[in-house]
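# Residue-level structure breakdown
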Amino acid sequence: RKGCVVITGASSGLGLATAKALAETGKWHVIMACRDLLKTERATKSAGMPKENYTIMHLDLVSLDSVRQFVNNFRRSENPLDVLVCNAAVYQPTAKEPSFTAEGFELSVGTNYLGHFLLSRLLLEDLKQSDYPSKRLIIVGSITGNSNTLAGNVPPKANLRDLRGLARGLNGLNSSAMIDGGDFDGAKAYKDSKVCNMLTMQEFYRRYHEETGITFASLYPGCMATTGLFREHIPLFRFLFPPFQKYITKGFVSEAESGKRLA
Ligand code: NDP
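None of these values were measured; they are calculated from a predicted model.

## Regarding the side chain of Asn112
Note that Asn112 resides in helix H4 (residues 107-129). Under the relative-accessibility criterion, Asn112 is labelled buried at 0%. Polar contacts involving the side chain of Asn112 include one to the side chain of Ser193, which spans 3.0 Å.

Right, dumping it as structure tokens:
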């Protein structure tokens, strides 16, 4: 049978390129878990994806209710779950004030980490039941959260410290909107969320790999300086970042290439 893979945030960038690469093999049915169904439908059409190899389902990671709803809908579809790819993310490097998810958590950590954490936690049961020979749960990480890389040393650096902001609700009311309890910084919140994603995979591996046989990993796809991730950055940055990555760091990869890597 075909493998069945769920990819979050498959309406653009890496998620779309990965969905396309997998759908074109003919060996996968791709469930594209996205918040904007119309945008995703248009994106699959312009990417020329074979219709019989994908389904679009609604998932908005900004709401934990929506995550639960997605899991229910997915189960009702009676597809097996062989691979889960947590790819969606938001990045708000220029935000002066925090914004919040439906349940009131700071938006970047709420979307990138808490939404995916709940999704992974719930769908672990479905992955366990799959009879596919190589079951996987992959979260897209980032070197910006790794202090042993150049990009990871550009301030503000990721740092979770003793998690006091998270412990107090991450809601900007009776606690800071940052995991470490500090002042809000949108770029740091993104990096923190990616550290959480990577740590989550290490911990899932430690707790569940032996018992379930599932491969848990985080993956850095390379720097795709042209995707929608940078949509909130200042225009000068968006103009200079792609050539900087292409010619100076030489870390640039195209969306199609990084999609193949993740696929
Ligand atoms: P894009 O902005 O192109 O893609 C992000 C995707 O996430 C979009 O499909 C977007 O949907 C979706 N998304 C955002 N918020 C939500 C939400 N609340 N619910 C559901 N989906 C949501 O960026 P990239 O392709 O670059 O990013 C993909 C992954 O790659 C991210 O995890 C990012 O951290 C990672 N990454 C990217 C790098 C790069 O250089 N670009 C480098 C390292 C890692 P919508 O279209 O509706 O906005």
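Moving on from the model shown.
## Things to note about the pattern of salt bridges
Under the criterion given, the structure shown has 15 salt bridges. Of the charged contacts, one joins Asp131 and Arg1 as a salt bridge, the two residues approaching to 2.7 Å between their closest N and O atoms. Here Arg1 lies in the segment before strand S1 (3-8) and Asp131 lies in the loop between H4 and strand S5 (136-140), a separation of 130 residues in the sequence. With its nearest N and O atoms 2.6 Å apart, the salt bridge here joins Arg206 to Glu203. Here Arg206 pairs with Glu203, and both are found in helix H6 (residues 186-212), just three residues apart, close to one helical turn. Residue Glu203 is classed as partly exposed on the basis of its relative accessible area, which comes to 26%. Here the residues in one salt-bridge network are Arg161, Asp180, Lys188 and Asp192, joined through shared partners.

## Topic: the sheet that holds strand S6 (residues 215-219)
Taken together, the six strands give an open sheet; going across it, the order is S3-S2-S1-S4-S5-S6, and neighbouring strands pair in parallel fashion. Lying at the two open borders of the sheet, with one neighbouring strand each, are strand S3 (54-58) and S6. When the angles between neighbouring strand axes are averaged without regard to direction, this sheet yields 15°. In this fold helix H1 (residues 13-25) packs onto S1, strand S2 (28-34) and S5, with an angle of close to 160° to the strand it touches most, S2. Along the sheet, helix H3 (residues 64-76) contacts S1, S2 and S3; its crossing angle with S3, the most-contacted strand, is approximately 145°.

## Brief notes about H3
End to end, H3 covers 19 Å across 13 residues, agreeing with the expected 18 Å (1.5 Å per residue, within 8%). Looking only at H3, the buried set comprises Leu64, Ser66, Val67, Phe70, Val71 and Phe74. Buried residues of H3, viewed axially, fall in a sector of 155°; they line one side. The exposed set on the far side of H3, more than 90 degrees from its buried face, consists of Asp65 and Arg76. On its buried face, H3 is in contact with S1, S2, S3 and H4. Capping the start of H3, Ser63 holds a side-chain oxygen 3.3 Å from the backbone nitrogen of Asp65, two or three residues further along. Among the residues trailing H3, Glu78 stands out with phi positive, at a value near 60°.

## Overview of the site of the ligand
The environment of the ligand is formed by 32 residues, the closest being Ser11, Lys39, Asn87, Tyr190 and Thr227. Asp60 is positioned such that a nitrogen or oxygen atom in its side chain is 2.8 Å from a nitrogen atom of the ligand. Those elements that provide at least two residues to the shell around the ligand are H1 and H6. Classifying every residue of the shell around the ligand gives 16 nonpolar, ten polar and six charged.

## Here's the deal with the state of the cysteines
In this structure the tally under the stated criterion is zero disulfides. Sulfur of Cys34: no disulfide; nearest cysteine sulfur belongs to Cys86 and is 13 Å away. Among the residues examined, Cys34 registers a relative accessible area of 2% and is labelled buried. In this structure Cys196 is a free cysteine whose sulfur lies 14 Å from that of Cys86, the closest cysteine sulfur available.

## Details of the packing of aromatic side chains
Where two aromatic rings form a pair, the distance of their centres and the angle of their planes describe that pair. This structure, assessed with the given rule, holds eleven aromatic pairs. Note on Phe117 and Phe204: the rings are 6.3 Å apart at their centroids and 80° apart in plane angle, and the pair reads as edge-to-face. Here Phe117, found in helix H4, pairs with Phe204, found in helix H6; they are 87 residues apart in sequence, far enough to count as distant. Here Phe204 falls in the buried class, since its relative accessible area comes to 4%. Their ring planes at 25° and their centres at 4.5 Å tell us that Phe237 and Phe241 sit as a pair that is stacked. With Phe237 and Phe241 both in helix H7 (residues 235-249) and four residues apart, the pair spans about one turn of that helix. The partly exposed category is assigned to Phe237, whose relative accessible area is 23%. The ring of Phe252 has Lys246 sitting right over it, with the charged end atom 4.7 Å from the ring centre.

Conventions adopted
Residues numbered from 1 in each chain as written. Predicted model: local features only at pLDDT ≥ 70, side-chain atom pairs only at ≥ 80, totals over all residues. Heavy atoms only, no water. Helix = DSSP H or I, 4+ residues; strand = E, 2+ residues; numbered from the N terminus. Buried < 20%, exposed > 50% of the residue type's maximum accessible area, 1.4 Å probe, protein only. Polar contact = N/O pair within 3.5 Å; in protein donor to acceptor, adjacent residues only side chain to side chain. Salt bridge = Lys/Arg side-chain N within 4 Å of Asp/Glu carboxyl O. Pairing = 2+ DSSP bridges. Axes fitted to C-alpha atoms, helices over the stretch in contact; angles between N-to-C directions. Contact = heavy atoms within 4.5 Å. Expected span 1.5 Å × (residues − 1). Arc of directions from axis to C-beta. Near = heavy atom within 4 Å. Nonpolar A, V, L, I, M, F, W, Y, C, P; charged D, E, K, R; others polar. Disulfide = S-S within 2.5 Å. Phe/Tyr/Trp six-rings, centres within 6.5 Å; stacked < 30°, edge-to-face > 60°. Lys NZ or Arg CZ within 6 Å of the ring centre and 35° of its normal.

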